Amino acid sequence: MKQYNPHEIEPRWQDIWERTGANKVAEDSSRPKRYVLEMFPYPSGDIHMGHVSNYTYGDVLARFSRMKGFDVLHPMGWDAFGLPAENAAIKHKSHPAKWTYANIDTQKASFQRMGFSYDWDRKVVACDPEYYRWGQWIFLKFWERGLVERRNSPVNWCPDCKTVLANEQVIEGCCWRCHSEVEKRDLTQWYFKITDYAQELLDDLDQLTGWPERVKQQQANWIGRSEGASVDFELATKDASAGTGEYITVFTTRADTLFGCSFFVLAPEYKDLPAMVAGMPQEREVLDFAEAAKKVSAVERAQGNREKHGVFTGRYVINPVNGEKVPVWVADYVVADYGTGAVMAVPCGDQRDFEFARKYDLPIIPIILTEDDPLYPQLKDEKGRVVTSVDWDAALEAEGILVQSGPYTGLVGGKHSEGEDAVVRALEQSGRGHRTVEFRLRDWLISRQRYWGNPIPAIHCPECGVVPVPEEDLPVLLPEDIDLAAGETLATHEGFAACMCPKCGREARRETDTMDTFTCSSWYYLRYTDPHNAESPFDPSMANGWMPVDQYIGGIEHAILHLLYSRFFTKVLRDMGMLDFDEPFTNLLCQGMVLDEHGDVMSKSKGNVVSPEKMIAEYGADAVRAYMLFMGPPDKEKMWNEDGLAGMFKFLNRLWRIVCDLVGEAGDQTLFDAEAAAKAAAGKGAHANAMDMKRERHRVVGKVTADFERNNFNTAIAAIMELANTTAAFLRVKPAEHRVNCQTGGPLCRDVAETIVKLMAPIAPHWAEELWCGVLGNEESVHAQAWPDFDPELAKADEVELAVQLNGKVKAKIMVATDEAEDAVKQTALDAIAAQLEGKDVKKVVVVPGRLVNVVAK
RNA sequence: GGGAGUGUGGCGGAAUGGCAGACGCAGCGGACUUAAAAUCCGCCGCCGGAAGGCGUGAGGGUUCGAAUCCCUCCACUCCUACCA
């Protein structure tokens, strides 16, 4: 018998598949399409177990889909721009491209050793000019559509990466990549106006029925839609004697609490603050405070002890509902870039305002109460204001009854309450406010002050201002002669910036910022559909033909970042007429992390990293793939255990022998030394007859098919193991007889052997191919075969075992014919527990066909 | 503070409201072997000699029947964070 030797067969088949173009996309329009995509990797060194898990899931689905008759697009590429390459270049006094392309080669070789079925002709590498020129082209189109803006505002600056970051890239006040504390700086930067699409990005989450709920929830929270009102407060003159006619607008979701506004707060960065305090006695103190507050690091502001600080500005605003003058403070708990950077403070209804009022001894006016509040009887009918301070422990943020609120007294107050609605309508009538919606989502800051990225195609002309690079001049190429180790940047590079203004022809300077790498990953899935197009990023007919991606697979860390940006790009390209769908990814699978055997994250510093290459070298890629799938559900964390991998390797060996035995290829080395096996079993071992065998074959094909379609790979493999166990029991009876049966054309053994090999083909492609061609003697690849059929009728047994329960507790087991009439089943069940029913009154008998009978008796 | 999720043997994990623990790992026993490895067969939730009883984080509820649905609580994980 031929032994299973992964180290011999794996490279051999990889080579054959490559030579024969087995993984080429067929582009066969007669078959339904399926686009299976895994998030493309960043080429940082060799692959790790996370890659193995991600790409194994994708490969299994791609192979399964091909066998199911789909025309499958399953491409791979690299997200190749970014800082790690630049840092490596500085360290090794080399060029980022060198490091990047070397890592791509390494990773590609590893992917090939894993047996992943990518069509390498469609490889997309983000740092190739033939790809990034189209990123620049898209930038220009966005610009034409008014979706690109250059503006000055406080931005997140990572001092380590020496670049600005988008909001989404700041995690708990730290840089998403290097975890340094992020600082705020005022800079002029390039933005994509993703906020123009905020509402649609939120609404269309409902279309994404194939996405995990938590990802949609995270996106919804990030977009952060709030319904409320904007309210104008008139600024009082410096001596507070009258109104100035100038207004400060606030956003509030609680207009119902306007009567409880006892002070007003501006963010330290509030743009008119210096003008407001100019010449006031408080000027120095206010400006010093604002400066200090801005310097407090994002981390301190975001985490831990959130002690609020503030100072009085000396100015007052006039409350539009009651004409009261309210003191204006500046405080560090107001965020500058949400709403208007100014808030009305209602300490009795907002915990933050409450804490601030307590600290600075500002009035806490009760205007919303619960009915059991001791103040309620006194205030429920009172129209004026009789109580101006309370000794509460906390604000009432929940619903309550409005009191001391003029005409609104007695109404229910709270978010979206009748009180809120009444106040907003009154504001609208008086012209002092209106309904509005605020989003938490900020525009996407895309410029980066780094070399290794896609150059922003813009030119600064002293005459014409900022001018787009003409389409025909694309791509703006990155200069290759740059000495990053010496601190050279695009801005200081000799020659890169110098250019002529395309409008007026005068000397001008090229933009030296590059684009966020997330712009590269926002449309690569479209390029795969038409990767060699030299005329445009992709032909719409190609993209519309393949898209949307039917199954997207990647890490949960992109729940907001990449997935939100890609959805945005898709919608803009749709509005440009290049795409005819709204959402790029129909089904999303977020795979769980691969942890070490103790459940810890694998990391170099912990020294617990398991090397995929080492595992392949020891057990072969097929065992690694199969074990990865078997460890657990794909979206859950998985604990790597090498004993488990060794067990899977043993299983592949055992199943190999079973297949050989089925078709009589085992020779003297048959799986079961008949005598020994018989002795071992000593008459007690399970045996299976041809009926059992046939039934199990159909049942398992049904189960595996359903499991693959639900991405339940672990239970699919468990089912194949059950089929293996039944087959072994079947062969155990009279192996020699079966072999003869097979050789004379008896179809069952052959069918079971072929079925096993086909079911395993997506999981262990080399193993299956070798058995298919080398042992079963077929000419054409197993991966080109149709997925095995099954007949649900044949999967049914003629007899089933039912549990007999008495009041829900199992008391006995009975065997009945599958099609036995219900009354007969009842009687059999009652007979089976007759002893326990002695002296009891049977109230009810519930029969669940094929499962159990429950007898209810007292 | 807000949001999402998880909790089942020694371990990884199975179970459209219907026999909890499929499948595997580890362990134990046996066959084969001079022996070991490999392989093959079997046992394997807890208490109990057995009969039987108890068991899916804890406590309630709905139901003929709950790991699964509802309520309260506990523990852990992830995301997010002064968003007015």
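Above: the structure in question.
All of these numbers come straight from a predicted model, not from anything done at the bench.

1. Some remarks on the sheet that holds strand 22 (residues 454–455)
So, point 1. Strand order in the open sheet made by the three strands is 21-27-22, with antiparallel pairing throughout. With partners counted over all chains shown, the strands left at the sheet margins are strand 21 (447–448) and strand 22, one partner each.
So, point 2. Of the pairings in the sheet, the one linking strand 21 to strand 27 (residues 514–515) comprises two bridges and is antiparallel in character. Looking across to strand 27, one finds that Arg448 is bridged to Thr514.

2. Here we look at the side chain of Thr727
So, point 1. Among the secondary structure elements, Thr727 is positioned in helix 23 (residues 713–733).
So, point 2. For Thr727, a relative accessible area of 0% gives the class buried.
So, point 3. For Thr727, the residues in contact, after removing those within four places along its chain, are Ile658, Leu662, Met693, Val752 and Ile756.

3. Overview of unusual backbone geometry
So, point 1. Along the chain, Leu474 connects to Pro475 via a cis peptide bond; the corresponding omega equals 0 degrees.
So, point 2. A cis geometry characterises the amide bond from Met547 onward to Pro548, with omega recorded as -10 degrees.
So, point 3. Relative to the elements of secondary structure, Pro548 occurs in the loop between helix 16 (540–546) and strand 28 (551–555).
So, point 4. Positive phi is not limited to glycine here, since Asn711 has a value of about 60 degrees.
So, point 5. Accessibility expressed as a relative area gives 13% for Asn711, which makes it buried.

4. Considerations on the packing of helix 2 (residues 49–67) against helix 22 (residues 690–709)
Geometrically, a packed helix pair is captured by the angle between its two axes and the distance between the axes.
So, point 1. Following both chains from N to C, one finds helix 2 and helix 22 inclined at 125 degrees, their axes separated by 11 Å at the closest point. Comparing the axis directions of helix 2 and helix 22 gives the class oblique. Viewed along their axes, helix 2 and helix 22 form a crossing whose handedness is left-handed. When helix 2 is examined against helix 22, the residues Val60, Leu61 and Phe64 are found in contact with a partner set consisting of Thr705, Phe708 and Glu709.
So, point 2. Partitioned by chemical class, the residues of the contact of helix 2 with helix 22 number four nonpolar, one polar and one charged.

5. Some words on the packing of aromatic side chains
So, point 1. Applying the stated criterion across every chain, the model contains 55 aromatic pairs.
So, point 2. Taking 5.9 Å as the distance between ring centres and 45 degrees as the angle between the ring planes, the aromatic pair formed by Phe139 and Phe192 counts as tilted. Linking Phe139 in helix 5 (residues 129–144) with Phe192 in strand 9 (residues 183–192), this pair joins segments that are 53 residues apart in sequence.
So, point 3. Judged by relative accessible area, which is 1%, Phe139 ranks as buried.
So, point 4. Measuring from centroid to centroid gives 5.2 Å for Tyr333 and Phe356, while their planes differ by 50 degrees, and the two rings are tilted. Of the two residues, Tyr333 sits in the loop between strand 14 (325–331) and strand 15 (342–345) while Phe356 sits in helix 11 (residues 351–360), which places them 23 residues apart along the sequence.
So, point 5. Look at Tyr333 and you get buried, because its relative accessible area is 18%.

6. Thoughts on the sheet that holds strand 5 (residues 148–158)
So, point 1. Reading across from one edge, 6-5-9-20 is the order of the four strands in this open sheet, with antiparallel pairing throughout. The sheet is open, and its two borders are formed by strand 6 (163–165) and strand 20 (444–445), each paired with just one other strand.
So, point 2. Two strands pair when backbone bridges link them, and strand 9 and strand 20 are joined in this way by two bridges, in the antiparallel orientation. Paired with Tyr191 across the bridge in strand 20 is Leu445.
So, point 3. Seen against the sheet, helix 5 touches strand 5 and strand 9 and runs at an angle of roughly 90 degrees to strand 9.

7. A word on helix 7 (residues 213–223)
So, point 1. Turning to helix 7, its buried residues are Val215, Lys216, Gln219, Trp222 and Ile223. Within helix 7, the buried residues cover an arc of 125 degrees as seen down the axis, which keeps them to one side.
So, point 2. In this structure, the buried side of helix 7 is in contact with helix 6 (198–203), strand 10 (225–236), strand 19 (433–439), helix 17 (561–575) and strand 29 (588–591).
So, point 3. Once helix 7 ends, the next one or two residues include Gly224, with phi positive near 55 degrees.

8. Notes on the packing of helix 19 (residues 621–630) against helix 20 (residues 642–662)
So, point 1. For the pair helix 19 and helix 20, interaxial distance at closest approach is 9 Å and the crossing angle is 115 degrees. Between helix 19 and helix 20 lies a crossing of right-handed hand. Contacts from Asp622, Ala623, Val624, Ala626, Tyr627 and Phe630 of helix 19 reach helix 20 at Gly644, Leu645, Met648, Phe649 and Leu652.
So, point 2. Of the residues assigned to the contact of helix 19 with helix 20, the class counts are nine nonpolar, one polar and one charged.

9. Side note on the state of the cysteines
So, point 1. Applying the stated criterion across every chain, the model contains zero disulfides.
So, point 2. Just so you know, Cys499 is unpaired, no disulfide at all, and the nearest cysteine sulfur is the one on Cys501, 7.9 Å from it.

What counts and what doesn't
- Residues numbered from 1 in each chain as written.
- Chains lettered and ligands numbered in written order.
- Predicted model: local features only at pLDDT ≥ 70, side-chain atom pairs only at ≥ 80, totals over all residues.
- Heavy atoms only, no water.
- Pairing = 2+ DSSP bridges.
- Helix = DSSP H or I, 4+ residues; strand = E, 2+ residues; numbered from the N terminus.
- Buried < 20%, exposed > 50% of the residue type's maximum accessible area, 1.4 Å probe, protein only.
- Contact = heavy atoms within 4.5 Å.
- Axes fitted to C-alpha atoms, helices over the stretch in contact; angles between N-to-C directions.
- Parallel < 35°, antiparallel > 145°, perpendicular 65-115°, else oblique.
- Left-handed = near helix turned anticlockwise from the far one by under 90°.
- Nonpolar A, V, L, I, M, F, W, Y, C, P; charged D, E, K, R; others polar.
- Phe/Tyr/Trp six-rings, centres within 6.5 Å; stacked < 30°, edge-to-face > 60°.
- Arc of directions from axis to C-beta.
- Disulfide = S-S within 2.5 Å.

Coordinates in, geometry out; function isn't part of it.
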